[in-house]
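A structural walkthrough
Listed below are the residues making up each chain.
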Amino acid sequence: MPFIRLTKIEKRRVFSLLACLLLAIAAWLFMALNNKYIYVAKTVLVFKNTPTKRAFYPLQSDTIDLQVEGTGWQLLFARLRISPPSVSVNLSQLNTKDFIVFSDQLFNINRQLESTQKVISVKPDTLYFDFTKRVVKKVPVKLIDKLSFEKQYGIASEVILNPKYVKVAGPIEELAKIKFWPTDTLKQDKIQTSSTTRVALQHSIHKNVSIYPSSVEVRLPVDEFTEKTIEVPLKITNNRNYNNLKLYPKKVKVTFLVALSNYDQVDESFITATIDVDEWQILKHRQLTVKITEFPDYCKLVSVMPSKIDFVVEK
């Protein structure tokens, strides 16, 4: 296939033509992108200034469409955005009304966007809410933690939460389902000293339920642990026929880990070891299993010796 051979002058003319064409396209594109256009941007609602005496529930999605006037450049980048920004909506009007009209808040919405952009309308233009009586309830705080300690260290006593209870406000139907309020996960590694830290409470999954305060103080009492063994007398349970049982032995040795600061305080009064007569009368076992039914939360059980005992029933 023959190639077209161009002279130097013809090549210069072709390159000049292509350069002019590219410059014309670039100029047209630049002018087009500088023009004003109307485009749609999806955004997420964030409610602020919620009513203090009324519980509410939105009757529509928390995502709205903003009709935005902006340049072609902004339209281009609006299409490329992965996470559109959120828009704050003032709900103070819900103290006297049951709906919010966006056209009344366009000025405040525009203040939250770029200065060269302008929201001209919102779809839907009106937000409707379902209202019920708002009540307040106190619920305990539940600490969610993921803690790891250095060897021989652990929690020496009860973890202190301040406050222990938080106030939850919302519809009575929603509050009836709430038995406690969890914290965010407290994560600490290689702990060997006591500490005090502030942990946020988990956000409410319901827009019409709020909590106060939003965080609690957590005090972790940490100490070094050592092993201790105590003889604990056995208690008999479910002896409904008042049989005269002789236990061999009458006491068991309970070995556990205890914090050094609590070593002298923990004695046999803190631990209860029992045997169940139903094991013999119902299950026909020849030995009875020792069960630890009371034990300090801040100690760690290691072993119970013996774990099964012999017995004699005297008639």
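Thresholds, definitions, all that
- Residues numbered from 1 in each chain as written.
- Predicted model: local features only at pLDDT ≥ 70, side-chain atom pairs only at ≥ 80, totals over all residues.
- Heavy atoms only, no water.
- Helix = DSSP H or I, 4+ residues; strand = E, 2+ residues; numbered from the N terminus.
- Buried < 20%, exposed > 50% of the residue type's maximum accessible area, 1.4 Å probe, protein only.
- Contact = heavy atoms within 4.5 Å.
- Areas by Shrake-Rupley, 256 points an atom, 1.4 Å probe, with all protein chains shown as cover.
- Core = buried A, V, L, I, M, F, W, Y, C linked by side-chain atoms within 4.5 Å.
- Pairing = 2+ DSSP bridges.
- Axes fitted to C-alpha atoms, helices over the stretch in contact; angles between N-to-C directions.
- pLDDT = per-residue confidence, 0-100.
- Phe/Tyr/Trp six-rings, centres within 6.5 Å; stacked < 30°, edge-to-face > 60°.

**A short note on the overall build of the protein chain**
The secondary structure content of the protein chain amounts to five helices and 24 strands. Within the protein chain, the proportion of its 315 residues that are buried is 32%. In the protein chain, once contacts between residues fewer than 6 apart in sequence are set aside, the share between residues at least 24 apart is 74%. In the structure as shown, the protein chain presents an accessible area of about 20,800 Å², 56% of it carried by carbon and sulfur atoms.

**Section: the nonpolar core**
Formed by 21 residues in total, the largest nonpolar core has its most connected members in F47, L91, F102, V122 and F129. For this core, the elements supplying multiple residues, two or more each, are β1 (36–48), β3 (63–71), β4 (86–90), α3 (106–111), β6 (118–123) and β7 (126–142). Examining the composition of this core, we find that four residues originate from one element, β1, more than from any other. With 20 residues, the next largest nonpolar core counts L247, V258, I275 and V290 among its residues.

**Considering the sheet that holds strand β18 (residues 244–248)**
Spatially, β18-β24-β21 is the arrangement adopted by the three strands of the open sheet, whose pairing is antiparallel. Looking along the sheet, the strands with just one partner apiece sit at the ends: β18 and β21 (288–289). Relative to strand β24 (residues 308–314), β18 is paired through five bridges, and the arrangement is antiparallel. Residue Y248 lies in a different strand from β24, and its bridge partner there is D310.

**Things to note about the sheet that holds strand β10 (residues 160–162)**
Within the open sheet, the three strands sit side by side as β10-β16-β14. Their pairing is antiparallel. Strand pairing shows two members of the sheet lacking a second neighbour, β10 and β14 (195–200), which therefore form its edges. Sheet twist, expressed as the mean angle between neighbouring strand axes with direction ignored, is 25°. Two strands pair when backbone bridges link them, and β10 and strand β16 (residues 215–220) are joined in this way by three bridges, in the antiparallel orientation. Each residue of the ladder has a partner; that of L161, found in β16, is V218.

**Let's talk about the confidence of the model for the protein chain**
Note: predicted coordinates in regions of low pLDDT should not be interpreted at a detailed level. Within the protein chain, residue pLDDT values average 83, and 85% of them lie at 70 or more. Overall, residues 79–83 carries pLDDT values under 50, and its contacts beyond four positions in sequence, including any with other chains, amount to three contacts.

**Considering the packing of aromatic side chains**
Taken as a whole and judged by the stated rule, the model has three aromatic pairs. Ring centres of F99 and Y128 lie 6.3 Å apart, and the angle between their planes is 45°; on these two criteria the pair is classed as tilted. With F99 in strand β5 (residues 99–101) and Y128 in strand β7, this pair connects stretches of sequence that are 29 residues apart. Of the residues examined, Y128 reaches a relative accessible area of 45% and is grouped as partly exposed. Summarising the aromatic geometry, the rings of W280 and F311 are spaced 6.1 Å apart at their centres and angled 65° between planes, so their arrangement reads as edge-to-face.

**Considering the environment of S214**
Of note, S214 is situated in the loop between β15 (210–212) and β16. When its relative accessible area of 53% is taken as the criterion, S214 is described as exposed. Every residue in contact with S214, bar those within four places of it in the chain, is listed here: A200 and L201.

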